[in-house]
2 protein chains.
Amino acid sequence: MRTREAIETAAKQLFSENGYERTTVRDIGTRAGIDPSMIIRYFGSKEALFAHVATPDLRLLDLNNIDGTAIGEAIVRHFLAIWEGEQSGGGMQVLLRSAASNPEAAERMRGIFATQVLPAIARVGRPETAALRAGLVGSQLIGLAMTRYVLGLPPVVAMPVEFIVRSIGKTIQRYASLDEEM
Amino acid sequence: MRTREAIETAAKQLFSENGYERTTVRDIGTRAGIDPSMIIRYFGSKEALFAHVATPDLRLLDLNNIDGTAIGEAIVRHFLAIWEGEQSGGGMQVLLRSAASNPEAAERMRGIFATQVLPAIARVGRPETAALRAGLVGSQLIGLAMTRYVLGLPPVVAMPVEFIVRSIGKTIQRYASLDEEM
DNA sequence: TAAATTAGTCAACACTTGTTGGCAAAATTG
DNA sequence: CAATTTTGCCAACAAGTGTTGACTAATTTA
């Protein structure tokens, strides 16, 4: 039961750093300190291992008791905490790194959006506009993650957390409560 | 001289759809209607072909005569036109699709940001804050491109151009002239 | 302790990858 | 027309891919 976890953490690390295609089963085996064949025996296939490891939980329901007027900064702060937290965002980086060139990862990404982001946004404002507002929120959050954690644009990497919370939080706030200007 | 162009367009298409790693030299050859070996003879290597094809031009200098109070919507409209225009954004999609899992593509992406986005933003506002403001602008624009053209989040794909121009344009406008609230 | 199950390694498989060299056909040049 | 260069295809290469089966060592169970 110790090797199973070793494989999981090695896979998470390598998928996060290099994406699905550039990560080889042999690399994972080497980092986990076991034979590559064990990976297949434990998880069935490389794809199954990826699916098992790329299941992030944004825990947006933690924001249930925040009132609508301060939801913007709260979302951004929460989002940054997840990404900077334990094991590279609990699978978020694994997913985003691969989603651009791996159709299954992209599908999973759309699933995360539909089941985790959209419902959280639907809690505030008019339900009919929830998809649009969630789409805008998603575009800004994914852009933040891409530039800061995946592409590593120098100015975005260098930004202090509190600066991001303020500047981008204001944007999210406006997107989430866009009804007033529609 | 006809095959060279056939290879270029086939490569652009396939790199745009599948990214660098999932696109094979044999696939390109098949779509271009020639033998895979010709690709190496014309461009030297798969990497060199990618580099040759992934050189987008955002043409942000076209926005020189827009005054600072309407730069936000202008940038978004321009950005969308490039992406939706001929051959999938003139290399932008090729680059973004691969940049998440290919280090060289990511480096190229940072180059585009440094040489094309940053100078355009530096034209308005205080020069010392240009990097920060450009970083924010970049995060929103890349997020828009990712969600609409790469990941294909349904609500973002469905948004009419004019809606995007208005809602995201306002954000870009604020980011570009952020000096006033710092 | 004996039997049965689990954990692990090793070598090899079938396949795909980018790339190369040789050779025929076509086009260009003199 | 003859000579030469260009254009193209074919077959094969060396290396790397995910995956499998056989076989040993360790561990758990009875």
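Quick caveat, the model's predicted, so the values are computed rather than measured.

### Section: the overall build of chain A
Part 1: When its secondary structure is counted, chain A shows eleven helices and zero strands.
Part 2: Per-residue burial over chain A gives 52% buried out of 182 residues.
Part 3: A separation threshold of at least 6 residues defines the contact pool for chain A, and within that pool the share at least 24 residues apart is 65%.
Part 4: Of the roughly 7,900 Å² of accessible surface on chain A, 54% is carried by carbon and sulfur atoms.
Part 5: One finds the centroid of the 20 positive side-chain charges in chain A at a distance of 3 Å from the centroid of its 20 negative side-chain charges.

### Re the relation of the copies chain A and chain B
Part 1: Once chain A has been moved 0.0 Å along the axis and rotated by 180 degrees, it coincides with chain B to within an RMSD of 0.0 Å. Expressed as an axis order, the relation between the two copies is that of a two-fold axis. By C-alpha distance to the rotation axis, the residue of chain A lying nearest is Gly143 of chain A, at 1.7 Å.
Part 2: The residues that chain A uses at the interface reappear at the interface of chain B in 100% of cases, marking a shared surface.

### Considerations on unusual backbone geometry
Peptide bonds are, in most cases, trans, and in most cases residues other than glycine have a negative phi.
Part 1: Within the chain, Arg59 of chain A stands out as a residue other than glycine whose phi angle is a positive 50 degrees.
Part 2: By the secondary structure assignment, Arg59 of chain A is in the loop between helix 4 (46-53) and helix 5 (71-84).

### A look at the interface of chain A and chain B
Part 1: Each side of the interface is counted separately: chain A has 45 residues, and chain B has 45 residues.
Part 2: Carbon and sulfur atoms make up 69% of the surface buried where chain A meets chain B, a total of about 3,600 Å² over both sides.
Part 3: Of all residues in chain A, the largest losses of buried area upon contact with chain B belong to Arg22, Ala100 and Leu151 of chain A, amounting jointly to 16% of the total for that side.
Part 4: A salt bridge links Arg22 of chain B to Glu21 of chain A; the shortest N-O distance between them is 3.0 Å.
Part 5: Taken together, chain A and chain B are joined by 18 residue pairs in polar contact (both at pLDDT 80 or more).
Part 6: Secondary structure elements with two or more residues in the side of chain A that touches chain B: helix 1 (2-22), helix 7 (92-99), helix 8 (103-122), helix 9 (130-150), helix 10 (154-158) and helix 11 (161-176) of chain A.
Part 7: Here the element with the most residues in the side of chain A that touches chain B is helix 9 of chain A; it accounts for 13 residues.

### Concerning helix 1 (residues 2-22) of chain B
Residue and element names in this part refer to chain B.
Part 1: With 21 residues, helix 1 should cover 30 Å at 1.5 Å per step; its first-to-last C-alpha distance of 26 Å lies more than 12% under that length.
Part 2: Taking the largest bend as the criterion, helix 1 deviates by roughly 85 degrees, centred on Ser16.
Part 3: Among all positions of helix 1, only Ile7, Ala10, Ala11, Lys12, Leu14, Phe15, Ser16, Gly19 and Tyr20 are buried.

### As for the protein's contact with DNA strand D
Part 1: Taken together, 17 residues form the shell around DNA strand D, and within it Arg26 and Lys46 of chain A together with Thr3, Asp35 and Arg41 of chain B come nearest.
Part 2: When atoms of DNA strand D within 4 Å of the protein are sorted by moiety, sugar and phosphate together comprise 41%.
Part 3: Here Thr3 of chain B contributes a side-chain N or O atom positioned 2.7 Å from a phosphate oxygen of DNA strand D.
Part 4: Only helix 2 (25-32) and helix 3 (36-43) of chain A together with helix 3 (36-43) of chain B provide two or more residues apiece to the surface near DNA strand D.
Part 5: Ranked by residues supplied to the surface near DNA strand D, first place goes to helix 3 of chain B with four residues.
Part 6: When grouped by side-chain class, the residues that make up the surface near DNA strand D number five nonpolar, six polar and six charged.

### Quick word on the packing of aromatic side chains
Part 1: Per the counting criterion, the structure on display carries ten aromatic pairs over all chains.
Part 2: Between Phe15 of chain A and Tyr20 of chain A, the ring centres sit 5.8 Å apart and the planes meet at 15 degrees, which makes this aromatic pair stacked.
Part 3: By relative accessible area, Phe15 of chain A is classed as buried at 0%.
Part 4: On the basis of relative accessibility, which here comes to 10%, the residue Tyr20 of chain A falls in the buried class.
Part 5: Centroid distance Phe15 of chain A to Phe50 of chain A: 5.1 Å. Interplanar angle 85 degrees. Geometry classified as edge-to-face. In this pair, Phe15 of chain A sits in helix 1 while Phe50 of chain A sits in helix 4, placing the two residues 35 residues apart along the sequence.
Part 6: Between Lys46 of chain A and the ring centre of Tyr20 of chain A, over which it is positioned, the NZ or CZ distance is 4.3 Å.
Part 7: The lysine or arginine in question, Arg4 of chain B, covers the ring of Phe43 of chain B, its NZ or CZ lying 4.7 Å from the ring centre.

### Concerning the packing of helix 1 of chain A against helix 3 of chain A
Residues and elements named next belong to chain A.
Part 1: Running from amino to carboxyl end, helix 1 crosses helix 3 at an angle of 105 degrees, the nearest separation of the two axes being 11 Å. As the angle between them shows, helix 1 and helix 3 are arranged roughly perpendicular. Residue-level inspection shows Thr3, Arg4, Ile7 and Glu8 of helix 1 in contact with helix 3, the latter providing Met38, Ile39, Tyr42 and Phe43.

Parameters and conventions
- Residues numbered from 1 in each chain as written.
- Chains lettered and ligands numbered in written order.
- Predicted model: local features only at pLDDT ≥ 70, side-chain atom pairs only at ≥ 80, totals over all residues.
- Heavy atoms only, no water.
- Helix = DSSP H or I, 4+ residues; strand = E, 2+ residues; numbered from the N terminus.
- Buried < 20%, exposed > 50% of the residue type's maximum accessible area, 1.4 Å probe, protein only.
- Contact = heavy atoms within 4.5 Å.
- Areas by Shrake-Rupley, 256 points an atom, 1.4 Å probe, with all protein chains shown as cover.
- Lys, Arg positive; Asp, Glu negative; His and termini not counted.
- Charge placed at Lys NZ, Arg CZ, Asp CG, Glu CD.
- Least-squares fit on C-alpha atoms with pLDDT ≥ 70 in both.
- Buried area = accessible area lost by both parts, 1.4 Å probe.
- Salt bridge = Lys/Arg side-chain N within 4 Å of Asp/Glu carboxyl O.
- Polar contact = N/O pair within 3.5 Å; in protein donor to acceptor, adjacent residues only side chain to side chain.
- Expected span 1.5 Å × (residues − 1).
- Bend = angle between axes of the 7 residues up to and from the residue.
- Near = heavy atom within 4 Å.
- Nonpolar A, V, L, I, M, F, W, Y, C, P; charged D, E, K, R; others polar.
- Phe/Tyr/Trp six-rings, centres within 6.5 Å; stacked < 30°, edge-to-face > 60°.
- Lys NZ or Arg CZ within 6 Å of the ring centre and 35° of its normal.
- Axes fitted to C-alpha atoms, helices over the stretch in contact; angles between N-to-C directions.
- Parallel < 35°, antiparallel > 145°, perpendicular 65-115°, else oblique.

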